[in-house]
Each structure stands twice: as structure tokens, then as C-alpha cells.
Amino acid sequence: MARKKASSVKKKPATTKVAAPAAEKAASVEEKAISAVTETAPTEEKKEPAAKETVSAEKKTAPVAEKAAPAEEKKVSAVKETVPAAEKTAVAAEKAASPEEKKELPVKKTVSAKEKTVPAAPEAPPVEEKKKTPAKKTAPAKEKMDPAAAKTTPAEGKKRTSAKKAASAEEKAVSAAAKAVPAKGKKRTSAKKAASVEEKSAPAAVEAASAVEEVSAVNVMSNLPRRSVAFIGSECHPFVKTGGLGDVMYALPRELVRLNCDVRVILPRYACIPQKYQDQMVYRGEFYMDLGKTGRNYYVGIMEYVCDGVVYDFIDNQEFFSSGNPYLNLVDDIPKYCFFSKAALAALNYLNWIPDIVHCHDWQAALVPVYLRTLFQDSPIGHARSILTIHNLRFQGIYNIPTIQYWSGLPDSVFGMGALKENYVDANMLKGGLAYADRITTVSGTYAYEIQTAEYGEHLENHLRYHSGKLRGIVNGIDYGMWNPETDSALTVHYNRDTVLEHKMENKLALQKELGLEEDAGKFVIGLISRLTNQKGLDLVSSIIPQVLDGNTQVVVLGTGDKQYEDTFRYYEGANRGTFSACIQYDEARAHRIYAGADALLVPSRFEPCGLTQLNAMHYGTLPIVRETGGLKDTVQPYNIFTGDGNGFTFDRYDAGLLLDAINRAKTLYFTNRDQWNQVVRRDMEKDVSWENSAKQYKDLYLELTQW
Ligand code: ADP
Ligand code: GLC
């Protein structure tokens, strides 16, 4: 990705202040955090001797952080030092980068990135400067704003009167932030200060934001205790989605609003977000932030969109987020998400919206808990507790240590084996986040167990076992507003539990027509909606397709991903016109029509943290055929031929023969005992796969972490 050259020198932003916490305080907080960890899993100590190292290392945090206040000369020498180290580690980094594409040699990139950083200068002109002139008027630029101190601009002061009218989420957030204070005795004064600043600075934004709110009556259970939560993650439906993370980032905040949570979702403002949403975003402000050892001040714009009680704040920076795809390759993604994680916290400080909980998702936001307890410890956001949710352990953000040090600017103390250090050459962002987060969750109970084993642990099993005291599994749900066959605008004919049998047939015929399959309601239609990657068990599927296509069965695949799978499925389509359809595309509406029109849905994953497609399928009366792993095991009870109980068809070992057997069991029931099949269809549609229960568990976790 081309990084634009800076054009003029900007004053060092006040983030420097944040980077230099009072040494004693920082050390003692770290000590507490570490000792809590030690208590929870003492038996692991032997395996992770570095944990002890971390305790003493953490004591050094503050001075190191202080040093981090970037003196220009220091940076230059650091750059020089870094290059040979990066050179040495390039090979290992290449290996580590396996989950994502590697397009360039890390060394080259590191060097050139540094070359570009001198002299320090501001960003390319922010997007909204060009596009959002009217929005700018409502909230003038706050250049050189100190993101930690977040002082009120005069313009904001003036708007105070109009703000009073907007008794909204923002005000509640202030009180929630104020509530958080007593629990942290010593910090009461500064937190109060933060809250009062918020009262002053919020108005203009609230007013602006309310102008774009898509009003919909959210049924908030206001009798429940209130908590404020900042979700930080890399994707969210309907703005940007590549998989289930996007669904969760959409659905869970909405459910938490109902449970009386004040939720803000912090996301990158990718250029690929549909224009429709870009147009509705409202400018909330901007500031400049230093980043790692780059010696530059980076533009951070905040664009806001409010919908159904959830506030979405998009971190704007064209240099990092201008690509058509959120994920590129690690060479670009490591700097991008270092920037994003730091900017998200700085933005919360800037907005003076200090949540009780910062809830981070996957490796892209995994540095947030680390920043929170180091560079941001003594800023207002340092009061928040943190949760890190693992949606997929396979992706960890691993790169050579000098590069991650360079971009993150984190103190040396966090690069020990107890936290970010992966091995002699590499650092692991997810590993660091897991060490520093107050709680770790993953998206099903079985996956929480599995990731502590060598088979599923992706080399982090020891680390996770060490932190098992703060790890738990909470299974995902689906949003019943987004996934509802009774109202789904993508469907030909709507249906519910009572009308499913008749209308599902019509959806099947419509799907067959749409995809050029033989139009015959009597055929057994199997769907597969998936990222086409090694995780999803596609080698099993491709090896049994000839046996599955028996003349009475049709297969529909919808997905994009690895070329080998795309080509295999294209081949099968070519060889089996009318019975096999390969839709190598990402198409949300078509996915809905496949859930509705298919009889069964395949999810034979090698591993599956939770899986949402089996939940969508069940809710649409489509029976899942799944491998018993992760969330698939927790959500699909195998059909029992003797009792008639169950929701779908399952197999245990990762084996093509067992998958074929499960498919054949499904076919047998479908073709020989349709009454039984239909009963399972109705049962699946009735099954509670909503977010209600799981959101309550997250709320309980928030309460557990914030008892006052
Ligand atoms: P993962 O997050 O591992 O990709 P999940 O089952 O959790 O798997 O979530 C996948 C989500 O992405 C589901 O909402 C599914 O409908 C959707 N999806 C996957 N591939 C496609 C596609 N090609 N077109 C439309 N939606 C898709
Ligand atoms: C990940 C997992 C998937 C899970 C989703 C949402 O992408 O692969 O199993 O459902 O995240 O949590």
C-alpha cells in the first residue's frame, strides 16, 4: 500500500504526555495485574518462566515509556539499529506471516517506511476535508489536540446550550464514567475531571450525531444496572464484513443496548465502506497522534454514525484505510492495526467518553489492552477494564520484534515471553493482548477448551492455559432482525414455523431457477456458505462431491477465498451443470436465499470457534450437517434416529468418509421419513439461537469486572 509522503512539519502531539506515565503508579498497577494472573494459574508457571520476568520487567515500564517520548535523534538511531535486526529476522517473519499473504520483504518495507518518516510531518489531507465541508462547520477542526487531555475547544463551549436538548447516550456515558470512579479510589479526582470535561465537549457532537440517527424504538431494560462499553474491532456489518466477526460486531452491541449498556463501536473508516454510510457519517473532530518510533504525527479523524442506540465512531486516516479490502497482507496490516488500536484509545480520550469496559476483538485490536496498561495507563481511558474476545485463534498478528516495536512504540517491558514475545525473533500481538486483558473470552465453550490443547491452540495453548483463570467461552447468537425468514427482503416468499413446509419449497424452486439448477422441488439441495479457506473443511467436501451427486441431490456453494478451492468448485460446476452451482462471490442477499432454499447446509470445519452459518440455517429451517468441533458441537445436537431428537447431522473425526456418512444419514431421513425430517425443520426454527442469552453473559462479565 502506498503511504503518502508527509508534506509539512506538525508540532509533536500531546500524546507524549500519555506516553510518560508516573513511574510508580504504572508499576504498581502492572504488578497487581501480573500477580492476579499468577494466582489464577500457578501451575503454568514452570512452562512460562517468563511470566516472572514480566513482573520485574513491568516495574520498568514507566521509565521506558518516558524514554519513548520521541526525541528526534533517538529515533534516527533507533531506525538504524532496527534495520539489521529486521534483516536477521526477515525469514522467520515470512514464516510467521503465513495466515495472510506476503507481498513484500518485511525488511524492505521497514526500511522504506522509515525513510519516509523523516522529517516528521502531518498526514495527507483527511477525507472529510474534501468531502464533508458542511459537517466540518458543525464541529470545527481541533488540530494538535491532546488526545489524552482532550480539552474543550471554544466552538464546543458555544454549543453547550443546544447540547442540553440532546439528553442522550452521551450524557448517560458521563454518568457511567463518573460511576466508575469510586472503585478506583485514588483516581477519583482525575476521573471526575474527565467526566466534567465530557459534559462540556459532548454537546456539539451529540447534536450532530442525533441528526443521523436512524430512529428505531429500542426496548431498553432500564431497570438493569447500566454500564458503558467501547467495542473495538476491525469489521462490522453493514459497513464492512468478511465473516462472522462482522455479524457479531453488529448484533452484540445492539443486544447490549437493550440490556441497558451504553455502547460505542470503534472501527476503521475503510474506504470500502459503502458510500451510503460514508455520506451519513458526521464529523466529530480530529487530532494528531504520534505512532511508535516513526517520528511522525498521524492524523486521526473521528466520523460518527448512530443507529438504533449504538454509536459507531470511525477512525479516519486515508494513509492506513484507503484500500478496497480491510485486510491486505501483514506488511501493511501490522502498522495499520497498531495505528488503529492506539488511535481508538486516543479517540476515546479525545471524546472524553471513558467507558467502564473496553471490549476488543481479535488480533487487530489485541494491542488495546497492552496500550491501556502502558502508554495510556495514566490517561482517563486508563480507568477502563478490558476484555479481549478471540473469534479466530489462527490469526495472531505475528511479525518480527523490531517492526512491532517500531510501529507500536510499546515499551521494551511488554516484549517479554509473558506477553508479546513469541520467540527470539517474533512478537505476537494477540499473545500480548491475552496477557494484558482483564478477561479473555472466545465464542463457544468447546472452543475455549479446545484452544488450550495442542491440536487447536495454534501454538498459544500454553499461554492460554496459563491465563485460563480469566478465559471463558460465550457462544454467539444471530440477530433476529437481520435473519428472519418472515421479513427477509432477499427472499422470494416469506415463511415462519407454520408455513415453512409449503413456502420453503417455493424458495427452493426460486433458488434453483436463480442458479440455473434443474427446477425440481423433489431434489435434495445442500448449501455451503463459507470463506473458502483451509479452516472450513473444503478438502473433505471436494473429495466426496462425485459420491454426493447421486442424481437426486444438488449442491450450491457460495464463497470466495483460496484459489485452489475456487477452482475446484468451478470445475465441479462445469462438470455437473444443472446439479452443482459454484457462486464464487460474496453476496449477502444470495446467502439469505440459499439459507431459505436449501434443505441442508454443510459446515464440516477443521476447526470452528463458533460458526454462524449453522445458526442461520437452523433459523431458516435448513438442517445443518456439521463436524463436532468448537461452536458447531455446542449448537447442533445430532439427530437421534431412535428418539427423533436433535437438530442436524454430525460427525466427529476430520475425515471425508465420515462427512459422506453424515450427508447420507441426512439424505436417508429426507427421502425415507419426511415427517420426521419436517419435525426437525420446525424444531430448528424454534430453537433459540438469538443473542439474548449470550449478551446477558457478556453483561454479567462486565458487571463482574466493574463491581462498585
Ligand atoms: P467465519 O467468520 O469463520 O467466516 P461464520 O460462520 O462465523 O464464519 O460467519 C460467516 C458469515 O459470513 C455468515 O454470516 C455467512 O452468511 C457470511 N458469509 C460467508 N461467506 C459469504 C459469502 N460468500 N457471501 C455472503 N455471505 C457470506
Ligand atoms: C470467526 C470464526 C467463526 C465465528 C466468528 C464470529 O471468524 O471463524 O467461527 O463464528 O469469528 O465469532
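Structural notes, computed from the coordinates. Positions within a chain are numbered from 1, following the residues in the order the chain's sequence is written. The order in which chains are written sets their letters, starting at A; the order in which ligands are written sets their numbers, starting at 1. Under the rules for a predicted model, residues below a pLDDT of 70 receive no local features and side-chain atom pairs below 80 are neither given nor counted, while totals for whole chains, interfaces and linings still include all residues. Hydrogens and water are ignored here; the side-chain numbers use all heavy atoms of the structure.

This part takes up the overall build of the protein chain. Of regular secondary structure, the protein chain possesses 30 helices and 17 strands. Taking all 708 residues of the protein chain together, 62% fall into the buried category. Residues are treated as being in contact if the distance between any of their heavy atoms lies within 4.5 Å. Considering only intrachain contacts with a sequence separation of at least 6, the fraction spanning at least 24 residues in the protein chain is 77%. Surface summary for the protein chain: the accessible area is close to 26400 Å², and the carbon and sulfur share equals 53%. Put simply, DSSP marks the helices as runs of H or I at least four residues long and the strands as runs of E at least two long, and each gets a number from the N terminus on. Accessible area is worked out with a 1.4 Å probe on protein chains only. A residue is then buried under 20% of its type maximum, exposed over 50%, and partly exposed in between. Here the Shrake-Rupley method, with its probe set to 1.4 Å, supplies the accessible areas, and only the displayed protein chains count as covering residues.

By convention in these notes, a residue is near a molecule or strand provided one of its non-hydrogen atoms lies within 4 Å of it. As a matter of local geometry, ligand 1 sits amid 23 residues, with G244, D247, R531, K536 and Y595 nearest to it. With respect to ligand 1, the side chain of K536 contributes an N or O atom lying 2.8 Å from an oxygen atom. Take D587: an N or O atom from its main chain is 3.0 Å from a nitrogen atom of ligand 1. Contact with the protein chains covers 94% of the free accessible surface of ligand 1, which is 570 Å². Among the elements that take part in the shell around ligand 1, helix α25 (residues 588-597) stands out by supplying three residues, more than any other. Any residue outside Ala, Val, Leu, Ile, Met, Phe, Trp, Tyr, Cys, Pro, Asp, Glu, Lys and Arg is labelled polar, Gly included; the first ten of those are nonpolar and the last four are charged. Taken together, the residues of the shell around ligand 1 sort by class into seven nonpolar, nine polar and seven charged. Under the rule applied, a polar contact is a pair of N or O atoms within 3.5 Å (in protein, one hydrogen donor and one hydrogen acceptor; residues adjacent in sequence only if both atoms are side-chain atoms).

This brings us to the pairing of strand β15 (residues 600-603). The two faces of β15 match: A600 and L602 on one face and L601 and V603 on the other face are all buried. Sheet analysis places strand β12 (residues 524-529) next to β15, joined by two bridges and oriented parallel. Looking at the pairing, I526 lines up with A600 of β15. By convention a crossover is right-handed if, when the strands point away from the viewer, the path from the first strand over the helix to the second runs clockwise. Between the parallel pair β15 and strand β16 (residues 623-627), the chain is carried across by helix α26 (residues 613-619), and the sense of this crossover is right-handed. Any two strands between which DSSP finds at least two bridges are classified as paired.

Moving on, we come to the site of ligand 2. Neighbouring residues of ligand 2: 14 residues in total, closest H391, N476, E608, C610 and G611. N476 places a side-chain nitrogen or oxygen 2.8 Å from an oxygen atom of ligand 2. A distance of 2.5 Å separates an oxygen atom of ligand 2 from a polar atom in the side chain of E608. Against a free-state accessible area of 310 Å², the protein chains account for coverage of 94% of ligand 2. Along the lines of polarity and charge, the residues of the shell around ligand 2 split into six nonpolar, six polar and two charged. Two domains share the shell around ligand 2, each providing at least three of its residues, namely domain 2 (228-477 + 695-705) and domain 3 (500-687). Domain start and stop positions are those given by an automatic or database domain assignment.

Right, let's get into the pairing of β16. Side chains on a regular strand alternate between the two faces of the sheet. The buried count for β16 comes to five of five residues, which makes it a mostly enclosed element. The alternating pattern of β16 places L623, I625 and R627 and P624 and V626 on opposite faces, both of which are buried. Bridge count between β15 and β16: four bridges; the pairing is parallel. Bridged to L601 within β16 is P624. Bridge analysis of β16 against strand β17 (residues 649-651) gives three bridges, and the strand direction is parallel. Within β17, the position partnered with V626 by the bridge is T650. Viewed along the sheet, the connection from β16 through helix α27 (residues 630-635) into β17 turns out right-handed.

Direction vectors running N to C along helix α23 (residues 538-548) and helix α24 (residues 563-575) enclose 15°, while the axes themselves pass 11 Å from each other. Of the possible angle classes, the one that applies to α23 and α24 is roughly parallel. When you trace α23 past α24, the crossing you get is left-handed. Residues L538, D539, V541, S542, I545 and P546 of α23 form the contact with α24, whose own contacting residues are Y565, T568, F569 and Y572. Within the contact of α23 with α24, the residues separate by chemical class into seven nonpolar, two polar and one charged. Interaxial angles span 0 to 180 degrees and are taken between N-to-C directions of axes, which are lines fitted to C-alpha atoms, for helices over the stretch in contact. For classification, angles of less than 35 degrees are called roughly parallel, those exceeding 145 degrees roughly antiparallel, those between 65 and 115 degrees roughly perpendicular, and all remaining angles oblique. What makes a crossing left-handed is the near helix being turned counterclockwise from the far one by less than a right angle; a clockwise turn instead makes it right-handed.

By convention a nonpolar core is built from buried Ala, Val, Leu, Ile, Met, Phe, Trp, Tyr and Cys residues, the set being connected through side-chain atoms within 4.5 Å. Judged by nonpolar contacts, the single largest core of 180 residues is most densely connected at Y312, F339, L420, F569 and W677. Ranked by the residues each element gives to this core, the list is headed by helix α16 (residues 330-351), at 15 residues. For this core, the domains that each give at least three residues are domain 2 (228-477 + 695-705) and domain 3 (500-687). Contact partners of W677, with chain neighbours within four places excluded, come to F524, D599, A600, L623, F649, A666, L669 and Y670.

Backbone-to-backbone hydrogen bonds pair the strands of a sheet. The strands run either parallel or antiparallel. Reading across the sheet, the nine strands line up as β3-β4-β5-β2-β1-β6-β7-β10-β11 and stay open at both edges, with mixed pairing between neighbours. The sheet is open, and its two borders are formed by β3 (282-290) and β11 (471-473), each paired with just one other strand. Direction aside, the axes of adjacent strands within the sheet are offset by 25° on average. For strand β4 (residues 297-307) and strand β5 (residues 310-316), the ladder comprises seven bridges, and the chain directions are antiparallel. Along β5, the bridge assignment pairs M303 with F314. Its contacts with the sheet place helix α30 (residues 692-705) against β1 (227-232), β2 (261-268), β6 (357-361), β7 (385-390), β10 (439-442) and β11, and it is angled at close to 145° to β7.

Quick look at the sheet that holds strand β13 (residues 553-558) now. Read from one edge of the open sheet, six strands run β14-β13-β12-β15-β16-β17, paired in parallel fashion. Since the sheet does not close on itself, it has two edges, and those belong to β14 (580-583) and β17, each with one partner. In this sheet, adjacent strand axes meet at a mean angle of 15° when their direction is disregarded. Packed onto the sheet, helix α28 (residues 656-672) meets β12, β13, β15, β16 and β17 and runs at close to 160° relative to β17.

What follows covers the environment of T499. Structurally, the position occupied by T499 is in the loop between β11 and α22 (500-515). Spatially, the C-alpha atom of T499 lies 9.8 Å from that of R682, the residues being 183 residues apart in sequence. At a separation of 2.9 Å, a polar atom in the side chain of T499 contacts the main-chain amide nitrogen of N496.

Turning next to the pattern of salt bridges. One speaks of a salt bridge when a side-chain nitrogen belonging to Lys or Arg is within 4 Å of a carboxyl oxygen belonging to Asp or Glu. All told, the structure shown has 34 salt bridges when counted by the stated rule. We note a salt bridge from R497 to E686, for which the minimum N-O separation is 2.1 Å. With R497 in the loop between β11 and α22 and E686 in helix α29 (residues 674-686), this residue pair connects regions lying 189 residues apart in the sequence. Judged by its relative accessible area of 51%, E686 is exposed. Between R593 and E514 there is a salt bridge, with the nearest N and O atoms lying 2.7 Å from each other. Separated by 79 residues along the polypeptide, R593 in helix α25 and E514 in helix α22 bring together distant segments of the chain. Residue E514 is classed as partly exposed on the basis of its relative accessible area of 30%.

Moving on to the packing of aromatic side chains. To describe a pair of aromatic rings, you give the distance between the ring centres and the angle between the ring planes. Pairs were defined over the aromatic rings of Phe, Tyr and Trp, the Trp ring being its six-membered one, requiring ring centres within 6.5 Å. Orientation was assigned from the angle between planes: stacked under 30 degrees, edge-to-face over 60, tilted for the rest. The final tally for this structure, using the stated rule, is 35 aromatic pairs. Consider the rings of F569 and F580, whose centres lie 6.2 Å apart with planes at 15°: the pair is stacked. Of this pair, F569 sits in helix α24 while F580 is found in strand β14, placing the two residues eleven residues apart along the sequence. Accessibility classification places F569 together with F580 in one group, the buried group. Three or more aromatic residues joined by ring pairs form one cluster here, namely Y270, Y298, F320, F321, Y327, Y337, F339, F340, W363, Y406 and W407. Over the aromatic face of Y298 sits the side chain of R296, whose NZ or CZ is 4.4 Å from the ring centroid. Think of it as a cone above the ring: NZ of Lys or CZ of Arg counts as a charge over the ring if it is within 6 Å of the ring centre and within 35 degrees of the ring normal.

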